[in-house]
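Spelled out, the chains give:
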Amino acid sequence: MLVSTENPARRPSGDPRPDLAFGVSLAAGAKAVLDANWTGSFTRPSPRLYPHQWNWDSGFIAIGYAGYSPERAMTELRSLFRGQWRNGMVPHIVFHHPSDTYFPDAADWRADRSPDAPDGVFTSGITQPPIHATAVRAVVERATRKLDVLRFLEEMYPKLLALHRFLYRDRDPDGLGLAVCVHPWETGIDNSPKWDRALLGVDAAGLPIPVVRRKDLLVVGTDQRPADDDYRRYIQLVDLFRSWDYDQPRMVRESPFQVYDVLFNSVLHRANWDLLELARVLGEPTAEIREWLRKTAGAFETHLWDEQDRMYHSRDLVSGQPIRVHTASCAVPLFAGVPDHARVERLVGGFFTACPFGEPDRCASVPSYHESQEGFQAVNYWRGPVWVNVNWMIYEGLRRYRLIDSADRIRRNLLRLAGQAGFWEYYHPTEPRGLGSPDFSWTAALVLDLLGRGGWG
Ligand code: 2M8
């Protein structure tokens with residue numbers, strides 16, 4: 001049975017008091033969403049829109065499970081890594097069960113054309129932000145007293161190492177310390193205005209017209225999803241990679257879309273820190289991970305820091321230009337501890353919007369794209385709405401820099417959004433209104449995590 005979007009944790013608006021009952025029922029609502037999306041071996045991101053297992057969704061979901069059901073957190077990550085490729089890549093989708101409600105599906109990807117694809121598991125042929133070492137660390141830290149996490153860690157560590165090696169070996173051809181994304185889906189922020197210009201290059205003359213059978217629009221309104229033009233290009237890239245049998249050197253050299261993404265590489269850098277910690281627990285060698293940390297920290301400075309804007313910007317490798325588009329990703333390097341303290345103010349200052357509850361001193365959110373910018377769309381996917389996972393990473397980053405008040409304003413906003421509107425995929429940036437899919441797993445999981453960080457209010 002699906003969970004209704006009517007959230008039991010709905011709280012009377014305008015009531016600013018800390019409220020234990022609110023927190024308790026919000027946690028119950030979040031668990032109900034996760035329970036309904038749990039399949040027995042992995043968690044669907046949402047009941048209808050996303051029927052398979054997604055890569056970074058599972059990382060965030062495992063973080064939420066860590067304090068609630070560590071057994072499930074482990075099963076979730078183990079299931080995802082069943083889809084890991086021989087070259088270490090963790091695919092962006094693992095198709096455990098057939099479903100005719102999502103496009104493109106396993107038969108469109110034909111990942112088996114690659115000699116690197118795993119046996120007996122259907123997957124896509126691209127990856128997503130590598131949040132998994134961070135997730136494994138969260139599970140190990142929170143479950144230590146309850147379970148034998150050492151065995152889980154010993155099992156996961158070589159797989160995590162193989163994933164990071166894939167990114168530094170196959171996705172960093174120039175050895176700069178930055179991983180290249182070859183498809184907007186790899187960045188996780190699919191139709192971000194950051195990619196508008198780079199995507200124009202995907203209209204490569206001579207490519208066959210892709211067959212696009214959109215099924216997402218049967219579930220969510222067109223005003224909240226990527227445009228048809230974007231989808232055509234997404235599928236054109238899939239067709240191209242399939243025709244190259246997912247040959248990594250070719251994808252990195254010849255894809256008409258190639259970017260060093262600030263968000264992706266921030267997640268990677270943060271995951272390197274967590275991997276280092278896991279290596280220490282196991283007594284594994286750390287020199288290789290330290291070298292990645294050194295290189296990537298340097299590359300943020302040399303290749304992504306933009307002195308003109310005083311901001312970290314993604315870079316288009318096809319044009320060779322920085323992508324000077326101000327999105328929430330510009331603040332995600334905080335999550336990885338990249339900027340020094342002098343830069344932090346600048347990075348977060350411009351991004352906060354007034355909270356939808358009209359209490360700017362008590363609550364804040366970072367919209368995916370700011371309303372002052374060209375092409376902002378309040379309800380469209382990664383072009384304006386507030387996303388819980390990105391705000392959670394910025395929250396974590398602010399805490400890392402001891403900016404506790406700012407972090408807490410974000411936390412308060414996320415909890416109130418979920419409490420008032422339900423556990424949506426994304427939210428309107430200035431109204432307490434949910435968008436995209438209801439009953440969204442990473443929203444529920446990260447709300448659970450945030451509830452565990454202290455009382456509500
Ligand atoms: C969204 O992306 C998928 C393609 O991967 C889609 O729109 O069909 C993104 O929000 C992505 O970040 C997320 O992992 C996925 C599942 O929640 O949905």
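For the structure, see preceding data.
Computed from a predicted model, the values in this text were never measured in an experiment.

> Outline the pattern of salt bridges, listing residues and values.
Enumeration over the complete set of coordinates arrives at 37 salt bridges. Between Asp196 and Arg383 there is a salt bridge; the shortest N-O distance is 2.8 Å. Of the two residues, Asp196 is situated in helix H8 (residues 196–200) and Arg383 in the loop between strand E11 (364–365) and helix H14 (388–400); the sequence distance between them amounts to 187 residues. Residue Asp196 is classed as partly exposed on the basis of its relative accessible area of 30%. Given a relative accessible area of 10%, Arg383 falls into the buried group. For Glu254, the salt bridge is made with Arg250, and the minimal N-O distance between the two is 3.2 Å.

> Would you mind going over the site of the ligand in detail, with residue names and values included?
The immediate surroundings of the ligand are formed by 18 residues, with Asp57, Tyr102, Gly188, Asp190 and Tyr381 found nearest. Isolated, the ligand exposes 410 Å² of accessible area, and the fraction of that covered by the protein chains is 100%. Residue composition of the shell around the ligand, grouped by class: 12 nonpolar, 3 polar and 3 charged.

> Quick one: what's the story with the state of the cysteines, residue by residue and with numbers?
One pass over the full model with this rule turns up 1 disulfide. Through a disulfide, Cys355 is tied to Cys363; the S-S separation comes to 2.0 Å. Between Cys355 and Cys363, the S-S torsion sits near 115°, and that sign places the bridge as right-handed. Cys181 takes part in no disulfide bond, and the closest cysteine sulfur, belonging to Cys330, lies 15 Å away. Classification of Cys181 as buried rests on a relative accessible area of 0%. On the basis of relative accessibility, which here comes to 3%, the residue Cys330 falls in the buried class.

> Quick one: what's the story with the environment of Arg86, residue by residue and with numbers?
Among the secondary structure elements, Arg86 is positioned in the loop between helix H3 (70–81) and strand E2 (93–95). Once the C-alpha coordinates of Arg86 and Leu163 are considered, the two residues, 77 residues apart in sequence, prove to be 9.8 Å apart.

> So what about helix H12 (residues 287–304)? Which residues, and what values?
Taking 1.5 Å as the rise per residue, H12 with 18 residues should run 26 Å; its terminal C-alpha atoms sit 25 Å apart, in good agreement. Of the positions making up H12, those classed as buried are Ile289, Trp292, Leu293, Thr296, Ala299, Phe300 and Leu304. Those residues of H12 that are buried lie in contact with helix H6 (149–170), strand E5 (259–260), helix H11 (262–282), strand E6 (305–306), strand E7 (311–312) and strand E8 (315–316).

> Break down the sheet that holds strand E3 (residues 122–123) for me, with residues and values.
The strands that make up a sheet are held in pairs by hydrogen bonds between backbone atoms, and each pair lies either parallel or antiparallel. Within the open sheet, the 3 strands sit side by side as E1-E2-E3. Their pairing is antiparallel. Sheet topology places strand E1 (53–54) and E3 at the edges, where each strand pairs with a single neighbour. Relative to E2, E1 is paired through 2 bridges, and the arrangement is antiparallel. Residue pairing in the sheet places Trp54 in a bridge with Ile93 of E2.

> Any details on the packing of aromatic side chains? Residues and values, ideally.
Scanning the model with the defined rule gives 29 aromatic pairs in all. Centroid distance Trp56 to Trp442: 5.5 Å. Interplanar angle 80°. Geometry classified as edge-to-face. Pair noted here: Trp56 is in helix H2 (residues 55–66) and Trp442 is in helix H16 (residues 441–451), with a separation of 386 residues, a long-range link. Side by side, Trp56 and Trp442 carry an identical accessibility label, which is buried. Both rings, one in Phe60 and one in Trp442, keep their centres 5.6 Å apart while their planes meet at 70°; by these two values the pair is edge-to-face. Of this pair, Phe60 sits in helix H2 while Trp442 sits in helix H16, placing them 382 residues apart in sequence. Since its relative accessible area comes to 0%, Phe60 is described here as buried. Stacked on the ring of Tyr381, the Lys or Arg Arg225 has its end atom at 4.7 Å from the ring centre. Over the aromatic face of Phe357 sits the side chain of Arg416, whose NZ or CZ is 4.5 Å from the ring centroid.

> Run through the environment of Tyr50, naming residues and quoting values.
Tracing the chain through its elements places Tyr50 in the loop between helix H1 (20–37) and E1. For Tyr50, a relative accessible area of 6% corresponds to the buried category. Here the alpha-carbon distance between Tyr50 and Thr101, two residues 51 residues apart in the chain, equals 8.2 Å. Polar contacts involving the side chain of Tyr50 include one to the side chain of Arg225, which spans 2.9 Å.

> Break down the environment of Phe95 for me, with residues and values.
Mapped onto the elements, Phe95 comes out in strand E2. Between the C-alpha atom of Phe95 and that of Ala106, which follows or precedes it by 11 residues, the distance is 6.6 Å. Apart from residues lying up to four places away in sequence, Phe95 is in contact with His52, Pro104, Asp105, Ala106, Trp109, Phe122, Thr123 and Ser124.

> Residues and numbers for the sheet that holds E8, please.
Read from one edge of the open sheet, 4 strands run E4-E5-E8-E9, paired in antiparallel fashion. The strands lining the two open edges of the sheet, one partner per strand, are strand E4 (180–181) and strand E9 (321–322). Here E8 runs beside E9; their pairing, made up of 2 bridges, is antiparallel. From the neighbouring strand, Asp316 faces E9, where its bridge partner is Gln321.

> Explain the packing of H2 against H14 to me, using residue names and the numbers behind them.
Think of two packed helices as two axes; the pair is described by the angle between the axes and how far apart they sit. Axis separation between H2 and H14 bottoms out at 12 Å; the angle between their running directions is 60°. By the angle between their axes, H2 is oblique relative to H14. For H2 against H14, the interelement crossing comes out left-handed. Residue-level inspection shows Trp56, Phe60 and Ile63 of H2 in contact with H14, the latter providing Asn389, Trp392 and Met393. In the contact of H2 with H14, the residues fall into 5 nonpolar, 1 polar and no charged.

The rules we used
- Residues numbered from 1 in each chain as written.
- Predicted model: local features only at pLDDT ≥ 70, side-chain atom pairs only at ≥ 80, totals over all residues.
- Heavy atoms only, no water.
- Salt bridge = Lys/Arg side-chain N within 4 Å of Asp/Glu carboxyl O.
- Helix = DSSP H or I, 4+ residues; strand = E, 2+ residues; numbered from the N terminus.
- Buried < 20%, exposed > 50% of the residue type's maximum accessible area, 1.4 Å probe, protein only.
- Near = heavy atom within 4 Å.
- Areas by Shrake-Rupley, 256 points an atom, 1.4 Å probe, with all protein chains shown as cover.
- Nonpolar A, V, L, I, M, F, W, Y, C, P; charged D, E, K, R; others polar.
- Disulfide = S-S within 2.5 Å.
- Expected span 1.5 Å × (residues − 1).
- Contact = heavy atoms within 4.5 Å.
- Pairing = 2+ DSSP bridges.
- Phe/Tyr/Trp six-rings, centres within 6.5 Å; stacked < 30°, edge-to-face > 60°.
- Lys NZ or Arg CZ within 6 Å of the ring centre and 35° of its normal.
- Polar contact = N/O pair within 3.5 Å; in protein donor to acceptor, adjacent residues only side chain to side chain.
- Axes fitted to C-alpha atoms, helices over the stretch in contact; angles between N-to-C directions.
- Parallel < 35°, antiparallel > 145°, perpendicular 65-115°, else oblique.
- Left-handed = near helix turned anticlockwise from the far one by under 90°.

Don't take any of this as a statement about function, it's just geometry.
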